[in-house]
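# Examination of the molecular architecture
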Amino acid sequence: MIKGEVSVNPLRVKAIAKKEFLQIARDPRSLALALFIPVLLLILFGFALSLDVDNVPLVIWDQDTSKLSRDFILNFKNSRYFKIIGYSDSYTKPQEYIDKGKAMMMLVIPKDFSKILQSGLKAPVQLLVDGSDSNTATIAMGYVNSVVARYNVTLINDSFAKAGVRKPSSLIDLRPRVWFNPDLKSKNYIIPGLIAVIMMIIAALLTSLTVAREWERGTMEQLIATPVKPGELILGKFLPYFTIGFIDLLIAAAMAQFVFYVPVRGSVALLFGLSALFLTGTLMQGMLISIVAKDQHLASQFAFLTTFLPAFLLSGFAYAIANMPKAIQALTTLVPARYFIVILKGIYLKGIGLKILWPEALYLLLFTLAMIGLAGKKFRKKVA
């Protein structure tokens, strides 16, 4: 109920909702688009956006061509993180590969590699890296360091064995165990965050046009002349788009489960309950934009600006909030998608409930109440 309204007549709300459903039915392309966009975005982002770095294209120049150098190269060949795309006998061809983006790294093994190792000294190996994509390059160099470290251990163990000396045991036995995402698959935390971003965009865009369309077509004056109260009008327009938004949510959840195989370890009821709360808040945000803008083009642009950009950039979905400047971190506290992403990841991956997620749920409740109150207040001013 909108603040200031004594009661809401269900029959009038039903009439407005029926009118809005008919309006949606007369424009099947927009309805199809509203249902198709979540599927399209999930497919595009779900399959294309991956932070996993596998099959790093690697070119090798083995100047030594010895058994030791071939054994060293074999460690890269047998690793799933590297794909040897060619061998070279100079810097020219690998540089051309790197310039064209065909290779990310070049490994140069010196001609005295085996002799230096057999003499007990450190053999220098050159690694040329394409740093134009700094994040991927950093991860790939970490993989190289891991391969080299394992090879060093093998060489040390072989040296001890040849000398007849018992190899020393490690003082620290590290046994890592990854919780919640044991395979470290990036899609397991990308998909829940993506659902939040898609829901915010779709919900705000759905309702950002509804009231503005009435003003542009001149039908708002007719509605004002009827006994329909502002709260009943807002609620009647809200219900059809809530239905569409919830269908979008069901589609996204089904795709996450059956297409991307993202596990749901928490309560499904809590997942849909808090999602409905978030959906209500974002729909009302779109309604508020529509009431203020009075113009469909302006409303759609403003809805995109206030939903997609904050949800994608400032919610923690694409970039870690902890790495942002302090001022930007403070700004992210106003982005509802930030809290909804925490909820989704908590329910999907960690299986936690309201006992832990209550601060985020409380924020979503306050956000929703604020949007309902502002939409009601602004609309009363318009019809006054």
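What you see is a predicted model; the values in this text were computed from it and never measured.

## Let's talk about the overall build of the protein chain
A tally of regular secondary structure across the protein chain gives 15 helices and four strands. For 384 residues, the compact-globule formula gives about 21 Å, and the C-alpha radius of gyration of the protein chain, at 29 Å, lies well above that figure. On the principal axes, the C-alpha backbone points of the protein chain span a range of 95 × 45 × 40 Å. Looking at the protein chain as a whole, 41% of its 384 residues are labelled buried. Within the protein chain, contacts between residues at least 6 apart in sequence are counted, and of these 78% link residues at least 24 apart. In the form shown here, the protein chain has an accessible surface area of approximately 21,200 Å², with 63% of it arising from carbon and sulfur atoms. Looking at the protein chain, you have 42 positive and 24 negative side-chain charges, and the mean spots of the two groups are 8 Å apart.

## Some words on the pattern of salt bridges
The final tally for this structure, using the stated rule, is five salt bridges. A salt bridge links Asp-54 to Arg-80; the shortest N-O distance between them is 3.1 Å. A residue pair is termed long-range when its members are at least 10 positions apart, and Asp-54 in the loop between helix 2 (28-48) and strand 1 (56-62) and Arg-80 in the loop between helix 3 (67-77) and strand 2 (82-87) qualify at 26 residues. Among the residues examined, Asp-54 registers a relative accessible area of 36% and is labelled partly exposed. Residue Arg-80 is classed as exposed on the basis of its relative accessible area of 52%.

## A few points about the packing of helix 11 (residues 268-293) against helix 12 (residues 296-313)
Where helix 11 contacts helix 12, the axes come no closer than 9 Å and their chain directions differ by 140°. With respect to their mutual orientation, helix 11 and helix 12 come out oblique. Relative to helix 12, the crossing made by helix 11 is right-handed. Note on element contacts: helix 12 touches helix 11 through Leu-298, Ala-299, Phe-302, Ala-303, Thr-306 and Thr-307, opposite Gln-285, Ile-289, Ser-290 and Ala-293.

## Brief notes about unusual backbone geometry
The phi dihedral of Asn-55 falls on the positive side, at around 55°, and the residue is not glycine. Relative to the helices and strands, Asn-55 resides in the loop between helix 2 and strand 1. At Tyr-261, a residue that is not glycine, the phi angle is positive and equals roughly 55°. With respect to the element layout, Tyr-261 can be found in the loop between helix 10 (230-258) and helix 11.

## Considerations on the sheet that holds strand 4 (residues 126-129)
Backbone hydrogen bonds are what pair the strands of a sheet, in a parallel or an antiparallel way. With mixed pairing, four strands are arranged side by side in an open sheet as 2-1-3-4. Each edge of the open sheet carries a strand with a single partner, namely strand 2 and strand 4. Geometrically, the sheet is characterised by an average inter-axis angle of 25° between neighbouring strands, direction not taken into account. Looking at chain direction, strand 1 and strand 2 are connected through five bridges and run parallel. Bridging from a neighbouring strand, Leu-58 pairs with Ile-84 of strand 2.

## Some points on the nonpolar core
Counting 70 residues, the largest nonpolar core has Leu-42, Ile-195, Phe-340 and Tyr-348 as its most contacted members. The biggest single contributor to this core is helix 7 (residues 187-207), with 13 residues. Other than its neighbours up to four places away in sequence, Leu-42 contacts Phe-47, Ile-191, Leu-194, Ile-195, Ile-198, Ala-252, Met-255 and Phe-260. Judged by nonpolar contacts, the second largest core, of 19 residues, contains Phe-72, Phe-113, Val-144 and Leu-155.

Here is what the cut-offs are and how they apply
Residues numbered from 1 in each chain as written. Predicted model: local features only at pLDDT ≥ 70, side-chain atom pairs only at ≥ 80, totals over all residues. Heavy atoms only, no water. Helix = DSSP H or I, 4+ residues; strand = E, 2+ residues; numbered from the N terminus. Rg over C-alpha atoms; globule rule 2.2 N^0.38 Å. Buried < 20%, exposed > 50% of the residue type's maximum accessible area, 1.4 Å probe, protein only. Contact = heavy atoms within 4.5 Å. Areas by Shrake-Rupley, 256 points an atom, 1.4 Å probe, with all protein chains shown as cover. Lys, Arg positive; Asp, Glu negative; His and termini not counted. Charge placed at Lys NZ, Arg CZ, Asp CG, Glu CD. Salt bridge = Lys/Arg side-chain N within 4 Å of Asp/Glu carboxyl O. Axes fitted to C-alpha atoms, helices over the stretch in contact; angles between N-to-C directions. Parallel < 35°, antiparallel > 145°, perpendicular 65-115°, else oblique. Left-handed = near helix turned anticlockwise from the far one by under 90°. Pairing = 2+ DSSP bridges. Core = buried A, V, L, I, M, F, W, Y, C linked by side-chain atoms within 4.5 Å.

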